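Results of the structural survey
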Amino acid sequence: MASARTSSSFNNTVVARTFATRIEVPAMGDSITEGSIASIDKPAGSQVAADDIIAQIETDKVTIDVRAPESGTVTEIMVEEGDTVTVGQHVATLEPGDAPAGAAAAPATPAASAPSTPAPAAPKAAAAAAPTPAAPAATAATAAADAGARTETRVPMTRLRKRIAERLKASQNTNALLTTYNEVDMSNLMDLRNQFKDAFLEKHGAKLGFMSAFVKASATALKDIPSVNATIFDNEETVYYDYVDISVAVGTPKGLVTPVLRDVQTMNFADIEKEIASLGKQARDGTLAIDQLAGGTFTISNGGVYGSLLSSPIVNPPQSAILGMHGIQKRPVVGPNDSIVVRPMMYIALTYDHRLIDGREAVTFLRRIKDIVENPVRLVLDL
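Predicted, not measured: the structure shown is a model, and the values here were computed from it.

Overview of helix α8 (residues 269-285)
- Under the 1.5 Å per step criterion, the end-to-end length of α8 is 24 Å for 17 residues, consistent within 8% with the ideal 24 Å.
- In this fold, the buried residues of α8 make contact with α6 (187-204), α7 (211-224), β13 (250-252), β14 (255-257) and β15 (260-261).
- Structurally, the start of α8 carries an N-cap: the backbone nitrogen of Ala 270 is 3.1 Å from a side-chain oxygen of Asn 268.
- Phi turns positive, to about 75 degrees, at Gly 286, one or two residues after α8.

As structure tokens, this is what we get:
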């Protein structure tokens, strides 16, 4: 009889393990094979529904979610935060099945009942502590010491931050970077926006901002000056693109990412505003896919959203140029008939790889953007 019970127990174990689901690290893109566990959102014992996030993996480009393929109970977590994992690695085990009623509240029951046992002793502890006058002085002394302390905190760099550092330094070391500047009178564009922003929002469901005008102006200028929309390949060839894919720099809590607007030359203002809003939200939520960051023939960075007045952006390799937008400020400028007028002005900067782009081309490119933004009707008339 004992052997029969042992055999039955063994069979039950085998059956349970047979139905358990291995949760593995998903594919993370062609060029990414490993990442670090950034967080474990569902520890062992957690009840999960299908598509719930069990853990997050941080790579040098994006954050990847490890999701539950079906509802059930997480029975085992094979990794810890900070561990390096590879594609296909077993990270968790899931026991399929619906969550039992009251399972979520079960862990809270012991915690709630715990204070009931020591409760009668509480008054005695309070009475014993009452005749101790030195405690406040000691606390104050400790606080004073802490206030004057000089401390250091060291934390490891995230994979994304390391990758950003590597790419920016590689850009400076490889490219012959030079920056040219200009300024744009934003009056006409601001008037256009104020006049049509409500109708634009009502029709397209997206806010009309300034980025769409600069993106469209850049697409036109890139077609006019092909060398800015090109790259050096292997120090042997120049690759010219007959399409315009613009990377838009987006600041996130984990670092700077540059999702790509594809085929901007075919997009209108509404398409651009919708896509920028969507990519920006995904970037901040950490849900961008690898293919949304790959490629790009030109980059636009808008430091003006943080109050920057002027800066020299760094080229995003392997691209050859980047446009920097800045804050809008009212400044006195020379108007018609040499009059001095106050206008909303924005400094713009173009950093470019001088190995490929000559100064004449860079200045002409930036001047072309200035002309289009100051006279948006040029986009309508294709001028």
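A closer look at the pattern of salt bridges
- Following the criterion strictly, the structure yields 13 salt bridges and no others.
- For Asp 65, the salt bridge is made with Arg 67, and the minimal N-O distance between the two is 3.1 Å.
- Judged by its relative accessible area of 35%, Arg 67 is partly exposed.
- Of the charged contacts in the structure, one is a salt bridge between Asp 245 and Arg 262, with a shortest N-O distance of 3.6 Å. You can see Asp 245 sitting in the loop between β11 (237-240) and β12 (246-248) and its partner Arg 262 sitting in the loop between β15 and α8, a full 17 residues away along the chain.
- Residue classification places Asp 245 among the buried positions, given a relative accessible area of 8%.
- The network of salt bridges with shared partners includes Asp 51, Asp 65 and Arg 67.

A few points about the confidence of the model for the chain
- Model confidence for the chain is summarised by a mean pLDDT of 82, while 81% of its residues fall at 70 or above.
- This stretch, residues 100-135, has a pLDDT under 50; its non-local contacts, to residues over four places away or in other chains, come to two contacts.

Things to note about the packing of aromatic side chains
- For the coordinates displayed, the defined rule picks out two aromatic pairs.
- Ring geometry for Tyr 241 versus Tyr 243: centroids 5.5 Å apart, planes at 55 degrees, classification tilted.
- The class of Tyr 241 is partly exposed, set by a relative accessible area of 25%.
- On the accessibility criterion, Tyr 243 (30% relative accessible area) is partly exposed.
- Positioned above the aromatic ring of Phe 210, the side-chain terminus of Arg 193 is 5.5 Å from the ring centre.

Thoughts on the side chain of Ser 46
- Relative to the elements of secondary structure, Ser 46 occurs in the loop between β2 (34-40) and β3 (47-48).
- Among the polar contacts listed, one links the side chain of Ser 46 to the backbone oxygen of Pro 43, at a separation of 2.8 Å.
- Not counting residues up to four positions away in its chain, the partners in contact with Ser 46 are Gly 72, Thr 73 and Val 74.

Here's the deal with the pairing of β2
- Where β2 lies against strand β7 (residues 84-86), three bridges are found, and the strand directions are antiparallel. Bridge pairing links Ser 36 to Thr 84 in β7.

Re the environment of Glu 273
- Structurally, Glu 273 can be placed in helix α8.
- In this structure Glu 273 comes out as buried when scored by relative accessible area, which is 8%.
- For Glu 273 and Lys 207, which are 66 residues apart along the polypeptide, the C-alpha to C-alpha distance reads 7.0 Å.
- In contact with Glu 273, other than residues within four places in its own chain, are Phe 200, Ala 206, Lys 207, Leu 208, Gly 209, Phe 210, Met 211 and Ser 212.
- At a separation of 2.9 Å, a polar atom in the side chain of Glu 273 contacts the main-chain amide nitrogen of Gly 209.

Considerations on the sheet that holds strand β4 (residues 53-58)
- Strands sit in the order β5-β4-β2-β7 across an open sheet of four strands; the sheet is antiparallel. In this open sheet, the two edge strands, each paired with only one partner strand, are β5 (63-67) and β7. Averaged over all neighbouring strand pairs, the angle between strand axes comes to 45 degrees, with direction disregarded.
- Of the strand pairs in this sheet, β4 and β5 are connected by five bridges, and their pairing is antiparallel. Note that in β5 the partner of Ile 53 across the bridge is Arg 67.
- The sheet contacts of helix α5 (residues 159-174) involve β2, β4 and β7, and relative to β2 the element is tilted by about 140 degrees.

Things to note about the nonpolar core
- Formed by 67 residues in total, the largest nonpolar core has its most connected members in Phe 214, Val 215, Val 264, Phe 298, Phe 365 and Ile 369.
- Looking at which element gives the most residues to this core, the answer is α7, with eight residues.

A word on the pairing of β5
- When you tally the buried positions in β5, you get four out of five residues, the bulk of the element.
- Between β4 and β5, which pair antiparallel one after the other, the connecting turn spans four residues.

Thoughts on unusual backbone geometry
- For the bond from Pro 317 to Pro 318, the omega torsion is 5 degrees, close enough to zero to count as cis.
- When you line up the elements, Pro 318 lands in the loop between β16 (298-302) and β17 (321-334).
- Its identity is not glycine, yet Asp 234 carries a phi of approximately 60 degrees, on the positive side.
- You can see Asp 234 is positioned in the loop between β10 (230-233) and β11.
- Assessed through its relative accessible area of 60%, Asp 234 is described here as exposed.
- Positive phi is not limited to glycine here, since Asp 338 has a value of about 60 degrees.
- Take Asp 338: it is sitting in the loop between β17 and β18 (340-353).

Parameters at a glance
Residues numbered from 1 in each chain as written. Predicted model: local features only at pLDDT ≥ 70, side-chain atom pairs only at ≥ 80, totals over all residues. Heavy atoms only, no water. Helix = DSSP H or I, 4+ residues; strand = E, 2+ residues; numbered from the N terminus. Expected span 1.5 Å × (residues − 1). Contact = heavy atoms within 4.5 Å. Polar contact = N/O pair within 3.5 Å; in protein donor to acceptor, adjacent residues only side chain to side chain. Salt bridge = Lys/Arg side-chain N within 4 Å of Asp/Glu carboxyl O. Buried < 20%, exposed > 50% of the residue type's maximum accessible area, 1.4 Å probe, protein only. pLDDT = per-residue confidence, 0-100. Phe/Tyr/Trp six-rings, centres within 6.5 Å; stacked < 30°, edge-to-face > 60°. Lys NZ or Arg CZ within 6 Å of the ring centre and 35° of its normal. Pairing = 2+ DSSP bridges. Axes fitted to C-alpha atoms, helices over the stretch in contact; angles between N-to-C directions. Core = buried A, V, L, I, M, F, W, Y, C linked by side-chain atoms within 4.5 Å.

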